[in-house]
Amino acid sequence: MISKGLKKYRLFFLCLMMAPVFSTLTGCARPNDEDMVDMLSKAYQCKWIKVDSYEKTDSLPGIWSYIAQYDFKLRFREGEAGAYKFMKGMYNTVPGETDWQKVLQNPNARAYIRDNCSPPAQKIMEQIAIRSYMQLHDKKMSTVRIPVSVNLSGWAETSSGRGGWNMDMRRDKVKTDFEWTNPIPRKDLTAKIVAKPQKQ
């Protein structure tokens, strides 16, 4: 009787120990919102922008992975001031040029966008630059509004590993609804940046 009781307890504790493993293998384990924001932040790592909000819209637990569908927003870290600083520097990489296609083909502009930004984040910065240059190219416009945040929707397949959750596959799409800065005088953006004299 005692040996049978011990066997039951051993089986019970074994099940408790194996539960996390089985939950992962059967798709029961799933990343929470903080995990998803962390993975998206790593994917869109950039000195200019950050993940500002996240909302899960659908999910599909699988046998080996977990698929989440979501909406999220990328926003300039410094808000409107950051948007102005980015475009001011961007314009000065190719001074006088307002055709966005020519600008984005320029090595200086390409290097400016790549600086401390992951490839996915570079695509977002390009979108921000394009929408700003389209206004700069119109000589009739005396002011320019820069996208200060970008809304995206997407889905990602995630899996659990020793270091936490991994984003194995991701597909994101930029939405058309942007949040814009207040109108900025055209002459402020196109003025040449004057380097500050170095202290002796």
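Residues numbered from 1 in each chain as written. Predicted model: local features only at pLDDT ≥ 70, side-chain atom pairs only at ≥ 80, totals over all residues. Heavy atoms only, no water.

> Kindly report on the nonpolar core, identifying the contributing residues and their values.
The biggest cluster of nonpolar side chains holds 47 residues, and the ones touching the most others in it are Trp48, Ile49, Phe76, Phe86, Met87, Met90 and Met125. Ranked by residues supplied to this core, first place goes to helix α6 (residues 119-136) with 8 residues. Aside from chain neighbours lying at most four places away, what touches methionine 87 is Ala129, Ser132, Tyr133, Leu136, Ile146 and Leu189. (Core = buried A, V, L, I, M, F, W, Y, C linked by side-chain atoms within 4.5 Å. Buried < 20%, exposed > 50% of the residue type's maximum accessible area, 1.4 Å probe, protein only. Helix = DSSP H or I, 4+ residues; strand = E, 2+ residues; numbered from the N terminus. Contact = heavy atoms within 4.5 Å.)

> Break down the packing of aromatic side chains for me, citing the residues and quoting the values.
Under the defined criterion, the tally for this structure stands at 8 aromatic pairs. Ring plane angle 40 degrees and centroid distance 5.7 Å describe the contact between tyrosine 54 and tyrosine 70, whose orientation is recorded as tilted. Placement of the pair is tyrosine 54 in strand β1 (residues 49-61) and tyrosine 70 in strand β2 (residues 66-76), with a sequence separation of 16 residues. For tyrosine 70, a relative accessible area of 0% puts it in the buried group. Following the ring pairs from residue to residue traces out a cluster consisting of Tyr44, Tyr54, Tyr70 and Phe72. (Phe/Tyr/Trp six-rings, centres within 6.5 Å; stacked < 30°, edge-to-face > 60°.)

> Give a detailed account of the pattern of salt bridges, specifying residues and quantitative values.
In this structure the tally under the stated criterion is 7 salt bridges. A salt bridge links lysine 175 to aspartate 71, with the nearest nitrogen and oxygen atoms 3.4 Å apart. A residue pair is termed long-range when its members are at least 10 positions apart, and lysine 175 in strand β5 (residues 164-180) and aspartate 71 in strand β2 qualify at 104 residues. Residue lysine 175 is classed as partly exposed on the basis of its relative accessible area of 30%. Of the charged contacts, one joins aspartate 172 and arginine 170 as a salt bridge, the two residues approaching to 2.8 Å between their closest N and O atoms. Note on arginine 170: relative accessible area 23%, which makes it partly exposed. (Salt bridge = Lys/Arg side-chain N within 4 Å of Asp/Glu carboxyl O.)

> Before we move on, can you summarise the state of the cysteines with the specific residues and values?
Taken as a whole, this structure holds 1 disulfide when the rule is applied. Two residues share a disulfide in this structure: cysteine 46 and cysteine 117, whose sulfurs sit 1.9 Å from each other. A residue pair is termed long-range when its members are at least 10 positions apart, and cysteine 46 in the loop between α2 (33-43) and β1 and cysteine 117 in the loop between α5 (107-114) and α6 qualify at 71 residues. In terms of burial, cysteine 46 and cysteine 117 fall into one category: buried. (Disulfide = S-S within 2.5 Å.)

> Tell me what's going on with α5, and back it up with residues and numbers.
All buried positions along α5 are accounted for by Ala109, Tyr112 and Ile113. Axial view of α5: buried residues confined to an arc of 95 degrees, hence all on one face. Next to the buried residues of α5 lie α3 (79-91), α4 (100-104) and α6. Capping of α5 at its N-terminal end is provided by asparagine 106; its side-chain oxygen lies 2.8 Å from the backbone amide nitrogen of asparagine 108. (Arc of directions from axis to C-beta. Polar contact = N/O pair within 3.5 Å; in protein donor to acceptor, adjacent residues only side chain to side chain.)

> So what about the pairing of strand β4 (residues 147-161)? Which residues, and what values?
Within β4, 11 of the 15 residues are buried, which leaves it mostly tucked inside the rest of the structure. Relative to β4, β2 runs antiparallel, the two sharing 10 bridges. For alanine 68, the partnering residue across the bridge sits in β4 and is alanine 156. Where β4 lies against β5, 13 bridges are found, and the strand directions are antiparallel. Of the residues in β5, the one forming a bridge with glycine 154 is aspartate 172. (Pairing = 2+ DSSP bridges.)

> Describe the pairing of β1, listing the residues and the values that go with them.
Two strands pair when backbone bridges link them, and β1 and β2 are joined in this way by 11 bridges, in the antiparallel orientation. Its bridge partner lying in β2, proline 61 is registered against tyrosine 66. The hairpin formed by β1 and β2 contains 4 residues between the paired strands.

> Tell me what's going on with the sheet that holds β4, and back it up with residues and numbers.
With respect to topology, 4 strands assemble into an open sheet ordered β1-β2-β4-β5, the strand pairing being antiparallel. A strand with exactly one partner marks an edge of an open sheet, and here the two such strands are β1 and β5. Recorded for the sheet is a direction-independent mean angle of 20 degrees between the axes of neighbouring strands. The sheet contacts of α2 involve β1, β2, β4 and β5, and relative to β5 the element is tilted by about 75 degrees. (Axes fitted to C-alpha atoms, helices over the stretch in contact; angles between N-to-C directions.)

Taken by themselves, the reported measurements are silent on function.
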